[in-house]
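These are the residues of each chain, in order.
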Amino acid sequence: MRFTLGICLIIGALFSYAAGVDPNNFKTCEQSSFCKRSRKVQSTGSKYAIIPGTLNSYADSLTADLVNKDNHHQFTFKLEALMGNTFRLQIDEKNPLRPRYRVEHALKGKPATTQIRVQESQGVLSITAGNSKAVIHGDPFHIEFYEDDVHVVTVNAKNWLYFEHLRQKAAVQTEGAEGAEAQDANPDAIQPPAETHEDPGAWEENFKSHHDSKPYGPEAVALDFAFPAAEVLFGIPEHADSFVLKSTSGTDPYRLYNLDVFEYVVDSKMALYGSVPVLYGHGSQRTAGVYWQNAAETWVDIHTAETNVVSSLVNFVSGTRKTPPPSAHFMSESGIVDAFIMLGPKPIDVFKQYAGLTGTHELPQLFALAYHQSRWNYNDERDVATVSAKFDEFNMPMDTMWLDIEYTDGKRYFTWDKFKFPDSLAMVKNLTDLGRHLVVIIDPHIKRDNAYFFHNDCTEQGYYIKTRDGNDYEGWCWPGSASYPDFFNPVVREYYASQYELSKFKTVTADVMLWNDMNEPSVFNGPEVTAPKDLVHFGNWEHRDVHNLYGHMHIMGTFAGLLKRDPNQRPFILTRSHFAGSQRYAAIWTGDNLADWAHLQHSIKMCLTEAVAGFSFCGADVGGFFGNPEAELLERWYQTGIFLPFFRAHAHIDTKRREPWLFPERTRQIIRSALLKRYSYLPLWYTSFYELEKTGAPVIRPMLTHYPHDKEAFGIDSQLLVQQRLLVRPVMQQGVSKVDVYFPAIDDKKNGDYWYDVDTFERQERAGYVSVPVTEYKIPVWQRGGSIVPKKERLRRSAPLMLHDPYTLIVCLDRHGKADGTLYLDDEKSYKYRDGEHIYVNYEFEQNQLRNNFIGKPKYKSNAWIERVVIAGLQLVPKSATITVNGVSQQLEVEQQGNAVIVRKPGVKMDVDFALKLNY
Ligand SMILES: *[C@@H]1O[C@H](CO)[C@@H](O)[C@H](O)[C@H]1NC(C)=O
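All values reported here derive from a predicted model rather than from experimental measurement.

**Student:** Teacher, can you tell me more about the site of the ligand here?
**Tutor:** Looking at the ligand, the residues that line it are Glu381, Asp423, Ala426, Met427 and Asn430. Interatomic distance of 2.2 Å between a side-chain N/O atom of Asn430 and an oxygen atom of the ligand. The protein chains hide 40% of the 360 Å² of surface that the ligand would expose on its own. The element contributing the most residues to the shell around the ligand is helix α7 (residues 424-432), with 3 residues. Looking at side-chain class alone, the shell around the ligand contains 2 nonpolar, 1 polar and 2 charged residues.

**Student:** Sorry, what's going on with the domain arrangement of the protein chain here?
**Tutor:** It is common to give the size of an interface as the accessible area lost on bringing the parts into contact. What the domain assignment reports for the protein chain is domain 1 (29-164 + 216-349), domain 2 (367-440 + 486-516 + 545-695) and domain 3 (698-920). Spacing between the C-alpha centres of domain 1 and domain 3 amounts to 40 Å. Taking both partners together, domain 1 and domain 3 bury about 1,100 Å²; carbon and sulfur atoms supply 71% of that area. Per-residue buried area on domain 1 facing domain 3 is highest for Phe243, Ser284 and Ile348; these three make up 44% of the total on that side. There are 1 salt bridge connecting domain 1 and domain 3. Notably, a salt bridge pairs Glu231 with Lys711, separated by 3.3 Å at the nearest N-O pair. Across the side of domain 1 that touches domain 3, the residue classes tally to 6 nonpolar, 5 polar and 1 charged.

**Student:** It is not clear to me how the pattern of salt bridges should be interpreted in this structure. Could you clarify?
**Tutor:** Note that side chains of opposite charge can pair when their charged atoms are close. Counting across every chain of the model gives 66 salt bridges. With a shortest N-O distance of 3.0 Å, Lys829 and Asp511 are connected by a salt bridge. Taken together, the residues Lys829 in the loop between β46 (819-825) and β47 (839-846) and Asp511 in the loop between α9 (490-498) and β28 (512-516) connect sequence positions 318 residues apart. On the basis of relative accessibility, which here comes to 32%, the residue Lys829 falls in the partly exposed class. In this structure Asp511 comes out as buried when scored by relative accessible area, which is 18%. One salt-bridge network, held together by shared partners, links Asp212, Arg255, Glu297, Glu333, Glu528, Lys533, Glu542 and Arg544.

**Student:** How should I be thinking about the packing of aromatic side chains in this particular structure?
**Tutor:** What characterises a pair of aromatic rings is the spacing of the ring centres plus the angle enclosed by the ring planes. All chains considered together, the criterion is met by 62 aromatic pairs. Relative to Trp589, the ring of Trp515 has its centre 5.7 Å away and its plane inclined at 75 degrees; by these criteria the two rings are edge-to-face. Taken together, the positions of Trp515 in strand β28 and Trp589 in strand β32 (residues 587-589) put the pair 74 residues apart, joining distant regions of the chain. Pair check on accessibility: Trp515 and Trp589 agree, each one buried.

**Student:** Where do I start with the state of the cysteines in this structure?
**Tutor:** Here a disulfide denotes a covalent bond joining the sulfur atom of one cysteine to the sulfur atom of another. Per the stated rule, a full pass over the model turns up 2 disulfides. Each sulfur of the disulfide joining Cys29 and Cys35 lies 2.1 Å from the other. Disulfide Cys29 to Cys35: torsion about the S-S bond roughly -100 degrees, handedness left-handed. Shown here is the disulfide that connects Cys607 with Cys618, its sulfur atoms set 2.1 Å apart. Because the torsion about its S-S bond is -70 degrees, the bridge between Cys607 and Cys618 counts as left-handed. Separated by 11 residues along the polypeptide, Cys607 in helix α12 (residues 597-612) and Cys618 in strand β33 (residues 618-619) bring together distant segments of the chain. Both residues of the pair, Cys607 and Cys618, belong to the buried class. For the protein chain, the disulfide bridges join cysteines in the arrangement 1-2, 3-4, where the cysteines are counted in sequence order. Among the cysteines around Cys477, which has no disulfide bond, Cys458 carries the closest sulfur, lying 15 Å off.

Conventions we followed
- Residues numbered from 1 in each chain as written.
- Predicted model: local features only at pLDDT ≥ 70, side-chain atom pairs only at ≥ 80, totals over all residues.
- Heavy atoms only, no water.
- Near = heavy atom within 4 Å.
- Polar contact = N/O pair within 3.5 Å; in protein donor to acceptor, adjacent residues only side chain to side chain.
- Areas by Shrake-Rupley, 256 points an atom, 1.4 Å probe, with all protein chains shown as cover.
- Helix = DSSP H or I, 4+ residues; strand = E, 2+ residues; numbered from the N terminus.
- Nonpolar A, V, L, I, M, F, W, Y, C, P; charged D, E, K, R; others polar.
- Domains from an automatic or database assignment.
- Buried area = accessible area lost by both parts, 1.4 Å probe.
- Salt bridge = Lys/Arg side-chain N within 4 Å of Asp/Glu carboxyl O.
- Buried < 20%, exposed > 50% of the residue type's maximum accessible area, 1.4 Å probe, protein only.
- Phe/Tyr/Trp six-rings, centres within 6.5 Å; stacked < 30°, edge-to-face > 60°.
- Disulfide = S-S within 2.5 Å.

Now the structure itself:
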């Protein structure tokens, strides 16, 4: 019967892609008993208080005991001050029946703490650390957080703290769902705590045909956070929704539960493949954030007055808030309260504080930032060779070919289909010779086949996730009957990592990179298409406790494997499932989207949210996974995709082939010109990723990042910034001849930055909406006045072949005739940059002169040089230019071209000091 269900789902997956997601396959809050119980507290409130006399203060922290005044159960509470304006709050049971799960592996390391100063006055305790302060109120328990004396966060503002302590199941508990009253009739039953009328789903729960045995009973944790200085909330990916979170009053909460959602719909609070429980509150004066570190199923209610112009005007005029501050209510099924409160004060500060906790993607190899060509599936070696050759024939750059599940021998990972791919090494070599790469998929479901070494190893060694009664769990996925390695066990991760070594995986080379899909994990016949919650992991933890971390542990294993395979090459991994911290190992994409305009628009909204939650390396399937995009949609999708960090075309097995040259000449040219634009900006992407690794500042950013005071900019999610250099507003509607672009204000007088159209250098000088005409070729992008952007403008078939190509510097001047910008370069492949083998330079233009300032010593030997300097925003056209290197000067030609001035062939090497002066 299980199999039949599985087969139905597979058939559904293959043949029904006009239908869209069936929401009935996924739980609502009402159908999830802990969500229902935790949410109920919103009407009753709770009563927690610090027990007087239990306070202890230490150099960097403070502890106390808490009591639930309704049932007298006791808890421990710890508040710790961390470096970088951050506090960590932990609440656990004082004496739990069994230990409660604490998330591991999400943080990049143990956060450094900082000294506190404790003061008490009138029963209120304040803790000061640097610029930040926590004020703790004992009864009712709540904590106010201040940044430089501005109140930015309150924990338990509404008394919605809810902590279900572990209990013994009543001696006689009704088995079925009906009859909580039955207990009352039995005088021998241990009574549940007075405050709860036992919820029928508390001790076991059914969803559709699935039963959750819940051996440990109810164990939810929930807490509310208010943001008094904020007007909008954002974060908690992954949802196909707007950047600014919507109020959940009258709807389900946002859900965080990693799921394989088939044909997800947009404008939805439903859970998707990843869960990153970090949320930010932003107002024009302050930005703060909360990272709710919990890997169990989580729902988040958002309480905001839907922002409208009138109410914000009232607030502005009266200076007082007429509505309660926006707040978020986190509700998790198990675990403890472990919350990081990040106090900013500016948006970029909070993003960096979060990156300080959970890490960043490291600098990828350059090829990973170039164009990826994928589909389910490239069928055989000839198909791969042909696609690669066609890109050359049509003069389109392409870096990476991808192979989906069909390359394997019957979905047995680490094997190849020998008929379709008899000589994978020759195929890889043919790609590598052109500077191209191959990525292959390896999923976590393991085919249960006695002739498959991986399955035999896992069975013999006990490496699979177990059922409650100790057997290997069997689910149904691509290979048919499958089991799932327990990556939480370090021994399993080690075994898994070693499979990537070339002595074992002989049919690939160290240049072949990895795609880890289906790692929510996807189980076709499981509850909500995933693993049952009462499965048992390493350490005796339930799947319930760790679900959202499963994919994270999987990619940790892959990352370790790729480093084992070749410690000198930076690994590239793409993952679908992700949790806080997964950005340290992999890039992500937005999963199985649809070929329609709404999904194109959501690619930007979703990646902006991911970027502020640590995942700068984000993209969406160009063209849409399901369905066949018409030419216009595909063109616009390429034009949008080139400005997201991860840029890959991908398509479902049932879609028509859609490699760009298959379309008419006009479409080919439009796509080709978009590809060339992507490649021309690779130096900017690469520099941005280096700076992400160094500082934690996202590569792509919502407008509010750099225009925090401009309320109009808060909700804008149809345009993005690349660092603080480019403003991108792609065309994402059908048949339009103009788009509305918002140029953000830098002050209350609606002054804006200068913005230069990157194609024409026409300048926008004022903030506000501008209707910009567009052609089918036009990608509306502006460079900020005051910035310098490095580019490479020669066409090659792949990015590694551009290593020694010369650079063009685009200098766009601000109101004062100044600009600056960094460039980073190295060997684009190895870890030698960690030993300083790189060139990192800041270019500065002022008083008609361009200079370079090296950041650190330039230690990488590059053959590249500066070919061209383009300057926009000069008052007058100079007669000539003089470049001076090592005291030797040389005259250069200057040419006016439209709205810019071009200085040709400065010819200077990248690691040499120079000054380039314009002559009038
Ligand atoms: C590799 O390229 C050579 C030369 O074009 C060709 O003959 C061969 O079939 C290719 N091998 C594979 C496996 O694609």
